[in-house]
Amino acid sequence: MKQEEWIKQLHDKLADHEVAAPEGLWADIEAALPKSAAPQKARFMTLRRWAVAASMLALLATGMYWWWPQEEISQQVLPQTAKTETPQPATRTEAVEEETVRTEITKQKTAKTTINTEMAQTVEERIAPTVAEDEPLVTEETPTTPPTTESTHQTVVRQLDEQIARLSPVRRRRTASISLYAMNGFGTQTGSNGVIMSPQLADKFRNATRAKEVIYLAGYEERQKHYQPISFGLTASYPLTDRLSLSSGIVLTRLQSDFYYIMPSQELRKEQRLYYLGVPLNLSYRLWAYKGLKVYASAGGQADWNVWTKLQTNGVTLEMDKDRMQWSVGGALGVQYDVIPQLGFYAEPGLKYYFDNGSNVQNFFKDKPLNFNLQLGLRLNLND
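Residues numbered from 1 in each chain as written. Predicted model: local features only at pLDDT ≥ 70, side-chain atom pairs only at ≥ 80, totals over all residues. Heavy atoms only, no water.

### What about the pairing of strand 11 (residues 370–383)?
Here strand 1 (residues 175–185) runs beside strand 11; their pairing, made up of eleven bridges, is antiparallel. In the sheet register, Y181 faces strand 11, and the bridge partner there is G377. Where strand 10 (residues 343–354) lies against strand 11, eleven bridges are found, and the strand directions are antiparallel. Each bridged residue has a counterpart across the sheet, and for K352 the counterpart in strand 11 is N371. (Pairing = 2+ DSSP bridges. Helix = DSSP H or I, 4+ residues; strand = E, 2+ residues; numbered from the N terminus.)

### Remarks on the nonpolar core
Residues L255, L274, Y276, Y354, V361, F364 and F365 constitute the largest nonpolar core, which totals seven residues. Put simply, the parts of the chain that give this core at least two residues each are strand 6 (267–290) and helix 8 (364–367). When residues no more than four places from it in sequence are discounted, the contact partners of L274 are T253, R254, L255, N306, W308, T309, M320, V361 and N363. Residues Y181, M183, V251 and Y346 belong to the second largest nonpolar core, which totals five residues. (Core = buried A, V, L, I, M, F, W, Y, C linked by side-chain atoms within 4.5 Å. Buried < 20%, exposed > 50% of the residue type's maximum accessible area, 1.4 Å probe, protein only. Contact = heavy atoms within 4.5 Å.)

### Some remarks on the side chain of T313
With respect to the element layout, T313 can be found in strand 7 (residues 293–313). Among all residues touching T313, those that are not within four sequence positions of it are R269, K270 and L318.

### Comments concerning the packing of aromatic side chains
Scanning the entire structure with this criterion turns up five aromatic pairs. Here the aromatic rings of Y276 and F365 are separated by 5.8 Å at their centres, their planes lie at 55°, and the arrangement is tilted. Of the two residues, Y276 sits in strand 6 while F365 sits in helix 8, which places them 89 residues apart along the sequence. F365 matches Y276 in its accessibility class, with the two residues each being buried. Look at Y354 and F365: their rings are 3.8 Å apart centre to centre, the planes differ by 15°, and that puts the pair in the stacked class. You can see Y354 sitting in strand 10 and its partner F365 sitting in helix 8, a full eleven residues away along the chain. We classify F365 as buried; its relative accessible area is 3%. For R379, the ring lying beneath its charged end belongs to Y346, and the centroid distance is 3.9 Å. (Phe/Tyr/Trp six-rings, centres within 6.5 Å; stacked < 30°, edge-to-face > 60°. Lys NZ or Arg CZ within 6 Å of the ring centre and 35° of its normal.)

This is the structure we're talking about:
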């Protein structure tokens, strides 16, 4: 029999074999064990339970710290921190934010201190003599309640602003305006002259009398009467500076003249009407102002175009050539009084000179190129 077969048979026989334990075996084993073994096992279990409970509490506290709203935490922690002398350690982000806030507060305090000093010096130098005795100037020496350093600076700056706004001269606003006016010249121009003999008759008379002077017809006379020019204008003024302004607009001017031709047997009368449309351009400078009263001077030029003519002889309308463009320059001294800030009346007496335009049309401008005029009107003030 082989060895392997023998081992197999032995194994099969001993597979279900059991040996009964001797009596008193477990009692001997328990008696042999040390008496402190059971308590040590119980104590170990107790300590492990306490460790698990402590870990749970730590996790719960950490979660509440991270998940609780930051504003409530800061409100609860700040009063305790203020009482504690030793500062609590902060994270890197909190340290950076705190340093930024401190830097910003320092800059603001420095800037406010500088502004406070400069404004106090300015007020003392410029407006201290004009301050009334019952209105003392607020400076750094004025006793104020010291709630905090920042609020003190804010109070001083605000009070200095009020003092400067109350005591500094009021800045005049630049004012644009629209003017509606009427202008009239002074003096009616009249004149007369004889009628010159025609060249053919004059040559015959000179040959007979050998006279070289101008020969007038006897009993013939020519008279003219130029009435005062009347103008109506609408102009707008634009301020260039606080005192200087530029104005322009449209002006309608009417000229009226009567011509009389006297002969031995009859008399002829011609009525002439000329209407001009002009564009002025003037500069005005304010010389003086007090409340609603203003005094100013103005100067400039104007171009006029003859837009319509009318000529009648003893009631019969005749054709007439239009006058050429007329240039003029002038100056005036004006006085304005504002009834309300938006509306005022003004008067401008002045002089005007009309240049000869080289035409044959007889009118007031040619008979009296330099004349005195008066302009009266209303002015609507528009503040910018």
